[in-house]
Amino acid sequence: MKSILNIYMFLLAMLIGMEISAGAFVAPVIFFPQNLIGDGVLTHFQSGQMMSAIFVKLNYVLIAVSVLAFLYETINFFKNKIENFNIRFSTFMLASINLALALLFIFYFTSYILEAQKLGEIATIQSSEFNQIHKASEWSMKIMMIAQTILFFIRFPKNKSNY
């Protein structure tokens, strides 16, 4: 079980890192290419298309790790009678919240954004509905990352040695 926990922790940390990287490092470069290579390179709409392609790939990792976390925490909740109930319940609920938000992000927000992009620039940049959905997707991702981070640190192995 310890090796499974180690793999689970590694995948969870990797996912959090990928999400932070996409939002903090990749998005600013993609949406503001003029800061690096001058004006007239990409429109905001084209930058959005590139960012969507990145998130579509990220979504595969997101769903895989979210399902794995949910399965691990569900099994742990019902089978592990040694661990404190409050910890088991907390990690189970965090994994449930994470999976629900991952499904929402992938199957509602990403799907909506991709469909709007197919309709063109008028349906994205110039649409208040698109802007609201996009803002909600950002909040969904932020809440998901918070839940993942809390889950990671609750599950993080505690050092039992005395220094």
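Here is what the cut-offs are and how they apply
- Residue positions are given per chain, counting from 1 as you read along its sequence in written order.
- Local features in this predicted model are restricted to residues of pLDDT 70 or higher, and side-chain atom pairs are both shown and tallied only at a pLDDT of 80 or more, whereas totals for entire chains, interfaces and linings draw on every residue.
- Working from all heavy atoms in the structure, the side-chain values ignore hydrogens and water.
- Secondary structure elements are taken from DSSP: a helix is a run of H or I of four residues or more, a strand is a run of E of two residues or more, and numbering for both begins at the N terminus.
- Surface accessibility follows the Shrake-Rupley procedure with a 1.4 Å probe radius. Residue values consider only the protein chains on display as shielding.
- Asp and Glu are treated as the negative residues and Lys and Arg as the positive ones, with His and the ends of the chain left uncounted.
- In plain terms, the charge of a residue is placed at NZ if it is Lys, CZ if Arg, CG if Asp and CD if Glu.
- Salt bridge criterion: a side-chain nitrogen from Lys or Arg within 4 Å of a carboxyl oxygen from Asp or Glu.
- Where helices are involved, their axes are fitted lines through C-alpha atoms of the stretch in contact, as for all axes, and angles between N-to-C directions lie from 0 to 180°.
- For classification purposes, angles smaller than 35 degrees are called roughly parallel, those larger than 145 roughly antiparallel, those between 65 and 115 roughly perpendicular, and all remaining angles oblique.
- If you view the pair so one helix is near and one far, a crossing is left-handed when the near helix is turned anticlockwise from the far one by less than a right angle, and right-handed when it is turned clockwise.
- When checking whether two residues touch, look at their non-hydrogen atoms; a contact exists if any pair is within 4.5 Å.
- Gly is put with the polar residues, along with every residue not named as nonpolar or charged; the nonpolar set is Ala, Val, Leu, Ile, Met, Phe, Trp, Tyr, Cys and Pro, and the charged set is Asp, Glu, Lys and Arg.
- Here the expected span of a helix is defined as 1.5 Å times the quantity of residues minus one.
- Polar contacts here mean pairs of N or O atoms no more than 3.5 Å apart (in protein, one a potential hydrogen donor and the other a potential acceptor; neighbouring residues in sequence count only if both atoms are side-chain atoms).
- Ring geometry is summarised as follows: Phe, Tyr and Trp rings, the Trp one being its six-membered ring, pair when their centres sit within 6.5 Å, and such pairs are stacked at plane angles under 30 degrees, edge-to-face over 60 and tilted between the two.
- Classification of residues uses two cut-offs on accessible area relative to the type maximum, computed with a 1.4 Å probe and protein chains only: under 20% is buried, over 50% is exposed, and between them is partly exposed.
- Residue types Ala, Val, Leu, Ile, Met, Phe, Trp, Tyr and Cys, when buried and joined through side-chain atoms within 4.5 Å, form a set referred to as a nonpolar core.

**Section: the overall build of the chain**
- Across its full length, the chain holds 5 helices and 0 strands.
- Counted from the first residue to the last, the chain has its helices and strands arranged as α-α-α-α-α.
- Overall size of the chain, expressed as C-alpha extent along the three principal axes, is 60 × 35 × 20 Å.
- Total accessible area computed for the chain in this model is approximately 9,900 Å², and 70% of it derives from carbon and sulfur atoms.
- Charge separation in the chain, taken as the distance between the mean sites of 11 positive and 8 negative side-chain charges, equals 19 Å.

**Here we look at the pattern of salt bridges**
- Per the stated rule, a full pass over the model turns up 4 salt bridges.
- The shortest N-O distance in the salt bridge between Glu83 and Arg155 comes to 2.8 Å. Linking Glu83 in the loop between helix H3 (44–79) and helix H4 (85–119) with Arg155 in helix H5 (residues 128–155), this pair joins segments that are 72 residues apart in sequence.

**Some thoughts on the packing of helix H1 (residues 2–31) against H5**
- The geometry of H1 relative to H5 is characterised by a closest axis approach of 10 Å and an angle of 150° between their N-to-C directions. Taken as axis vectors, H1 and H5 run roughly antiparallel relative to one another. Along this stretch, H1 crosses H5, giving a crossing that reads as left-handed. From H1, Leu5, Tyr8, Met9, Leu12, Ala13, Leu15, Ile16, Glu19 and Ile20 reach across to H5, where they touch Met141, Met145, Gln148, Thr149, Leu151, Phe152 and Arg155.
- Looking at the contact of H1 with H5 residue by residue, the classes come out as 12 nonpolar, 2 polar and 2 charged.

**Side note on H4**
- Relative to the 51 Å expected for 35 residues at 1.5 Å per residue, H4 spans 50 Å between its end C-alpha atoms, a close match to the ideal helical length.
- Two or three places before Asn86, at the opening of H4, Asn84 has a side-chain oxygen 2.6 Å from that residue's backbone nitrogen.
- Immediately downstream of H4, the backbone of Gly120 shows phi near 105°, a positive value.

**Quick word on the packing of aromatic side chains**
- In total, this model carries 14 aromatic pairs according to the counting rule given.
- Consider the rings of Phe77 and Phe89, whose centres lie 6.2 Å apart with planes at 55°: the pair is tilted. A residue pair is termed long-range when its members are at least 10 positions apart, and Phe77 in helix H3 and Phe89 in helix H4 qualify at 12 residues.
- Aromatic side chains Phe85 and Phe89 sit 5.9 Å apart centroid to centroid with 20° between the ring planes, which places their arrangement in the stacked category. A residue pair is termed a helical-turn pair when its members lie 3 or 4 positions apart in one helix, as Phe85 and Phe89 do in helix H4 at 4 residues.

**Examining the side chain of Glu19**
- For Glu19, the position within the fold is in helix H1.
- Although Glu19 is buried, it makes no salt bridge; Lys142 carries the closest opposite charge, 13 Å away.
- Within the structure, Glu19 has its side chain in polar contact with the side chain of Gln148 (distance 3.2 Å).

**Digging into the nonpolar core**
- Tyr8, Leu12, Phe55, Leu62, Phe105, Met144 and Leu151 are the most contacted members of the largest nonpolar core, which has 30 residues in total.
- Those elements giving two or more residues to this core turn out to be H1, H3, H4 and H5.
- The element contributing the most residues to this core is H1, with 9 residues.
- Filtering out sequence-adjacent residues up to four positions away, Met144 remains in contact with Leu62, Asn98, Leu101, Ala102 and Phe105.

**Concerning the environment of Glu73**
- By the element assignment, Glu73 lies in helix H3.
- Placed 15 residues apart in sequence, Glu73 and Arg88 show a C-alpha to C-alpha distance of 7.4 Å.
- When near neighbours in sequence (up to four residues on either side) are disregarded, Glu73 contacts Tyr8, Thr91, Phe92, Ala95, Leu151 and Arg155.

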